[in-house]
Amino acid sequence: MMKTKSVVNESEQIQLAIRMIKLGARLQLLESQTTLSRERLIKLYKELKGVSPPKGMLPFSTDWFLTWQPNIHSSIFYNIYKFMVDYADVKGIDAIIKAYSLYQQQVVEQDAEVEPVLSMTRAWTLVRFVESKMLKMKSCTCCGGEYIVNTYDLNQNYVCNLCHVPSRAGKTKKAKELTYNLVSMTA
């Protein structure tokens, strides 16, 4: 018995891949979330971006999400994602795409020349890390905001990176402005 291809399903998969490519998704993410072949995805990526997809391994460590600025951005994204899942009845990759789009709008709205700290691929990885219980959300004892923390760290009296800014953080003018804008967004 021959398996029939659905033109509608293939079209939906192409549209999903296009949305993810436009948000900066890496090839490995596209392969894991669509049924399109690697060759088809590479052609699609080249057509949309004008260049071949970047090569290299995906992020595999939770450490990046816990450093000062990435932690703030990861926490903003994950709070948006969690809202989408809990209250907007959006699930899976659609929730990640919509949450990442909203995150990107907030970051880019502040300064059009600024690249978001969190990439689409890292956002997807973050969700996977939280789902596998390697990372979790914890309330700051100072401001009450929810932030990404390592599940296995001692977090009883957790204070976030906005309430307790590390001494070396934000030494550049651009970093100070970004921190100010992020604090005003969470207030």
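You'll find the structure just up there.
These numbers were taken from a predicted model, which means no experiment stands behind them. (Residues numbered from 1 in each chain as written. Predicted model: local features only at pLDDT ≥ 70, side-chain atom pairs only at ≥ 80, totals over all residues. Heavy atoms only, no water.)

1. Some remarks on the overall build of the protein
Looking only at helices and strands, one finds 7 helices and 2 strands in the protein. Starting at the N terminus and ending at the C terminus, the protein contains elements arranged as α-α-α-α-α-α-β-β-α. The buried share of the protein, reckoned over its 187 residues, is 40%. Long-range pairs, those at least 24 residues apart, make up 52% of the contacts in the protein with a sequence separation of at least 6. (Helix = DSSP H or I, 4+ residues; strand = E, 2+ residues; numbered from the N terminus. Buried < 20%, exposed > 50% of the residue type's maximum accessible area, 1.4 Å probe, protein only. Contact = heavy atoms within 4.5 Å.)

2. Remarks on the side chain of Arg26
Following the sequence through the fold, Arg26 ends up in the loop between helix H1 (7-22) and helix H2 (27-33). This buried residue, Arg26, is left without a salt bridge; Glu31 holds the nearest opposite charge, at 9.8 Å. Here Lys55 takes part through its backbone oxygen, which lies 3.5 Å from a polar atom of the side chain of Arg26. Setting aside its immediate chain neighbours within four residues, Arg26 contacts Pro54, Lys55, Gly56, Met57, Leu58 and Thr121. (Lys, Arg positive; Asp, Glu negative; His and termini not counted. Salt bridge = Lys/Arg side-chain N within 4 Å of Asp/Glu carboxyl O. Polar contact = N/O pair within 3.5 Å; in protein donor to acceptor, adjacent residues only side chain to side chain.)

3. A short note on the nonpolar core
With 52 residues, the main nonpolar core has Met20, Phe77, Tyr78, Ile93 and Met120 as its most contacted residues. When contributions to this core are tallied by element, the ones reaching two or more residues are H1, H2, helix H3 (38-49), helix H4 (68-87), helix H5 (92-110), helix H6 (120-131), strand S1 (135-139) and strand S2 (146-150). Setting aside chain neighbours within four positions, we find Tyr78 in contact with Leu126, Val127, Val130, Met137 and Ile148. (Core = buried A, V, L, I, M, F, W, Y, C linked by side-chain atoms within 4.5 Å.)

4. Considering the packing of aromatic side chains
Here the distance between the centres and the angle between the planes together describe a pair of aromatic rings. All told, the structure shown has 8 aromatic pairs when counted by the stated rule. Aromatic pair Phe83 and Tyr87: ring centres 5.2 Å apart, planes at 40°, arrangement tilted. Here Tyr87 and Phe83 lie together in helix H4, a separation of 4 residues that amounts to about one turn. When the ring of Tyr100 is compared with that of Tyr103, the centres are 5.6 Å apart and the planes differ by 45°; the resulting orientation is tilted. Of this pair, Tyr100 and Tyr103 are both found in helix H5, 3 residues apart, which corresponds to roughly one turn of the helix. The class of Tyr100 is buried, set by a relative accessible area of 3%. With relative accessibility at 0%, the residue Tyr103 sits in the buried group. (Phe/Tyr/Trp six-rings, centres within 6.5 Å; stacked < 30°, edge-to-face > 60°.)

5. Description of the pattern of salt bridges
Taken as a whole, this structure holds 5 salt bridges when the rule is applied. Across the pair Arg19 and Asp94 runs a salt bridge whose closest N-O atoms are separated by 3.3 Å. You can see Arg19 sitting in helix H1 and its partner Asp94 sitting in helix H5, a full 75 residues away along the chain. Two residues, Asp89 and Lys91, come together in a salt bridge whose shortest N-O distance is 3.9 Å. Since its relative accessible area comes to 65%, Asp89 is described here as exposed.

6. Notes on the state of the cysteines
Enumeration over the complete set of coordinates arrives at 0 disulfides. For the unlinked cysteine Cys163, the closest cysteine sulfur is that of Cys160, found at 3.5 Å. (Disulfide = S-S within 2.5 Å.)

7. Things to note about H3
Here H3 is 12 residues long and its end C-alpha atoms lie 16 Å apart, about the 16 Å a rise of 1.5 Å per residue gives. Taken residue by residue, H3 has Leu41, Leu44 and Tyr45 as its buried positions. Down the axis of H3, the buried side of the element spans an arc of 100°, and every buried residue falls inside it. Opposite its buried face, H3 presents the exposed residues Glu39, Lys43 and Glu47, each directed more than 90 degrees away. Looking at the buried positions of H3, the neighbouring elements they touch are H1 and H2. Where H3 ends, the next residue or the one after it, Gly50, has phi of about 80°, a positive value. (Expected span 1.5 Å × (residues − 1). Arc of directions from axis to C-beta.)

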